[in-house]
Amino acid sequence: MLKKTLLSLIAGVVFVNVNAQVPAGYYDGAYNGGTAKTCADLKTSLFNIISNGTVTLPYNSSNSFDTWDAINQIDLRRNDANTRNIILDMYTDNPSGAETVEFTPVTDQCGQYQAIGDCYNREHSFPQSWFDENLPMLTDLHALFASDGYINGRHDNYPYGEVSSSGIDWSAAAGAKLGDCSFPGYTGTVFEPINEYKGDFARAMFYMVTRYQSNVGGGMSGFQGNGNANAVLDGTTWPSLDGWAIQQWYKWHVQDPVSAKEIARNNAIYTIQNNRNPFIDHPEFVALIWQCTNLLPVVLMDFTAAGNSALINLNWMVTGEANFKYYEVERSEDGVRFSAVGTVNGTQQSNYSFSDNRLPAAQVIYYRLRMVDVDGRYTYSKIVPVRLSVKGRITIFPNPAKDFVTITLQKPLSSNSQIKITDATGRLVISRFAAAAQNNFNIAVNKLPAGRYIISIVNNDAVINESFVISK
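Right, let's walk through the structure included here. Numbering of residues starts from 1 in each chain and follows the order in which that chain's sequence is written. Whole-chain, interface and lining totals are the exception, using all residues; otherwise, since this is a predicted model, local features are given only for residues with pLDDT of at least 70 and side-chain atom pairs are given and counted only at 80 or more. Calculation of side-chain values draws on the structure's entire complement of heavy atoms; hydrogens and water are dropped beforehand.

The next point concerns the pattern of salt bridges. Any Lys or Arg side-chain nitrogen found within 4 Å of a carboxyl oxygen on Asp or Glu counts as a salt bridge. A full pass over the atoms with the stated rule returns 17 salt bridges. The shortest N-O distance in the salt bridge between D80 and R77 comes to 3.8 Å. Classification of D80 as partly exposed rests on a relative accessible area of 48%. In this structure, D334 and R337 form a salt bridge, with 2.7 Å as the shortest nitrogen-oxygen distance. Judged by its relative accessible area of 65%, R337 falls in the exposed class. Note on exposure labels: buried denotes an accessible area under 20% of the residue type's maximum, exposed denotes more than 50%, and partly exposed covers the range between, all computed with a 1.4 Å probe on protein chains only.

Right under this line is the structure:
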């Protein structure tokens, strides 16, 4: 039976293989000569990849593996106290504190419900009414989640979006809410999940409009007229979504990046359904597909920060600066509270940089970009940390040096490290390993020309930088 071939029995509990990996070559069709495709071409290529050889589960079955069996495995987790297995519900979960609801697998399946916490059922994040409750959409695990029965009923078939603070019709203690959409471009009723899982639902939506862009069930053109699907679907194979939905869900996709939970769930679904959510495996595909609509505020391809206690250089690479205004560089000492330290105007370039030379007295500094569109809308980049050099912990003798230098640390290294010497241009000229517990090193520099050099000792705890001079 399918159940026996997909699952293994461990300590009396049946588990799917959550450690499956992306098969070699799985996404080869998404690239041309090593470069990722873009726009409609990439979307159609992914459609072909994730539609090939899929397994369609029965929705309910008494004698074979069905969606209840799948949900009870892929949404299984330990409770906060680590005392028992429970079902993860993204609507009632409390990521920052004690759980108010804990569902027991199988035992608490719905069932009748009158209030939050009564039972859990199977939530179609892409509402059933949009595809007329047809297979294989009905049982596609990438958009099917365990959820509190009562809150699932509140979600109904409303699209996901941000609710206006003045237009809330209903809200849950954990943070989910229903009400008037506050996002520009749509004024109807929307359902808003908590921040912790907004990216999860956004990537599920992007998956569905890609997996079913054509053929099955009439695809996007066939779905559009069902229920209130017109609120988000535009009836095309690309871009498939109305502008507000692209912008809203892309914002969530960026602000709530792919988590370990999503990766494990994607791997588990692959062992059952034989396909993957490409936007979990390759989050960059979202921007590459929908940037061509000119609706995304800006597509950030890379963002790095590096330097020392005197100067930190930030560099970022972007595409799709349509209707874009400026980048605001924000800095933090704790990774939570940020303040602006500079602004860089958008000038239709691919590469930007910013130097910060007024640094606080902190060992680690965090940076992010606030990317602002011409109409005031904005998104945030990822947060990048920089470990600063620690003054007073290193002595270099002799300085100036001629043939060798002796490096002495006030305290022995806490972990294995790398000693790097760079010249005035930043070119690495010497690199050597330094074992933990050492605090004294002799390095020959007789083959280096005269000039100023930087010694850096790098490990997981800190970066120690100090300069010295070679004279001949």
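Moving on from the coordinates now.
This part covers the sheet that holds strand 9 (residues 163-171). The strand order 9-10-11 describes an open sheet built from three strands, whose pairing is antiparallel. At either end of the open sheet lies a strand with only one pairing partner, and these are strand 9 and strand 11 (189-192). Adjacent strand axes in the sheet meet at a mean angle of 40° when their direction is disregarded. Two strands form a pair only when DSSP identifies at least two bridges running between them. Secondary structure elements are taken from DSSP: a helix is a run of H or I of four residues or more, a strand is a run of E of two residues or more, and numbering for both begins at the N terminus. Throughout, an axis means a line fitted to C-alpha atoms (over the contacting stretch in the case of helices), and angles, computed between N-to-C directions, take values from 0 to 180 degrees.

The pairing of strands in a sheet happens through backbone hydrogen bonds and is either parallel or antiparallel. The three strands are arranged 12-13-16 in an open sheet whose pairing can be described as antiparallel. Whereas interior strands pair on both sides, the edge strands pair on one side only; in this sheet they are strand 12 (299-307) and strand 16 (351-356). On average, each strand axis in the sheet is tilted by 15° relative to the strand beside it, whichever way the strands run. Bridge analysis of strand 13 (residues 312-319) against strand 16 gives six bridges, and the strand direction is antiparallel.

Our next topic: the state of the cysteines. Disulfides are defined as cysteine sulfur pairs within 2.5 Å. One pass over the full model with this rule turns up two disulfides. Residue C39 pairs covalently with C292 via a disulfide, S to S 1.6 Å. Because the torsion about its S-S bond is -55°, the bridge between C39 and C292 counts as left-handed. A residue pair is termed long-range when its members are at least 10 positions apart, and C39 in helix 2 (residues 39-50) and C292 in the loop between helix 10 (284-290) and strand 12 qualify at 253 residues. Owing to a relative accessible area of 18%, C39 belongs among the buried residues under this scheme.

In this section: helix 2. Under the 1.5 Å per step criterion, the end-to-end length of helix 2 is 17 Å for 12 residues, consistent within 8% with the ideal 16 Å. All of the buried residues along helix 2 are C39, L42, K43, S45, L46, F47, I49 and I50. Residue contacts follow a heavy-atom distance rule, with two residues in contact if any of their heavy atoms lie within 4.5 Å. Buried residues along helix 2 sit against helix 5 (198-211), helix 9 (278-281) and helix 10. Given the number of residues in a helix, its expected span is that number minus one, multiplied by 1.5 Å.

When two helices pack together, their arrangement is captured by the angle between the axes and the distance separating the axes. Between helix 5 and helix 7 (residues 243-255), whose axes approach to 7 Å, the crossing angle comes to 130°. Between helix 5 and helix 7, the angle is such that the two are oblique. Like other packed secondary-structure pairs, helix 5 and helix 7 cross with a definite hand, here left-handed. Together, K198, G199, A202, R203, M205 and F206 of helix 5 and I246, W249, Y250, W252 and H253 of helix 7 make up the contact between the two elements. Residues are grouped as follows: Ala, Val, Leu, Ile, Met, Phe, Trp, Tyr, Cys and Pro are nonpolar; Asp, Glu, Lys and Arg are charged; all remaining types, including Gly, are polar. The residue inventory of the contact of helix 5 with helix 7, partitioned by class, reads seven nonpolar, two polar and two charged. Oblique is the label for any angle not covered by the other classes, which are roughly parallel (under 35 degrees), roughly antiparallel (over 145) and roughly perpendicular (65 to 115). Left-handed describes a crossing whose near helix is turned anticlockwise from the far helix through less than a right angle; right-handed describes the clockwise counterpart.

Another point: the side chain of S417. Relative to the helices and strands, S417 is located in strand 22 (residues 417-422). Residues adjacent in sequence count toward polar contacts only when both atoms are side-chain atoms; beyond that, a polar contact is any pair of N or O atoms within 3.5 Å, and within protein one must be able to donate a hydrogen and the other to accept it. A polar atom in the side chain of S417 sits 3.0 Å from the backbone oxygen of S415. Each residue touching S417, except ones within four places of it in the same chain, is listed here: R432, F433, A434, I457, V458 and N459.

This next bit is on the packing of aromatic side chains. Ring pairs are drawn from Phe, Tyr and Trp, using the six-membered ring of Trp, whenever the two centres fall within 6.5 Å, and their geometry is named by plane angle: stacked under 30 degrees, edge-to-face over 60, tilted for the rest. For the structure on display, the rule yields 28 aromatic pairs. Each ring, one from Y150 and one from W170, has its centre 6.4 Å from the other, and the planes form 55°; the classification is tilted. In this pair, Y150 is assigned in helix 4 (residues 149-155) and W170 in strand 9, connecting sequence segments 20 residues apart. The structure contains a cluster of three or more aromatic residues connected by ring pairs, namely Y26, Y27, Y31, Y270 and F285. To sit over a ring, a charge needs its Lys NZ or Arg CZ within 6 Å of the ring centre and within 35 degrees of the ring normal. Across the ring face of Y380, the terminal group of R368 is positioned such that the distance to the ring centre comes to 3.9 Å. The ring of Y378 has R370 lying over it, and the distance from NZ or CZ to the ring centre is 4.7 Å.

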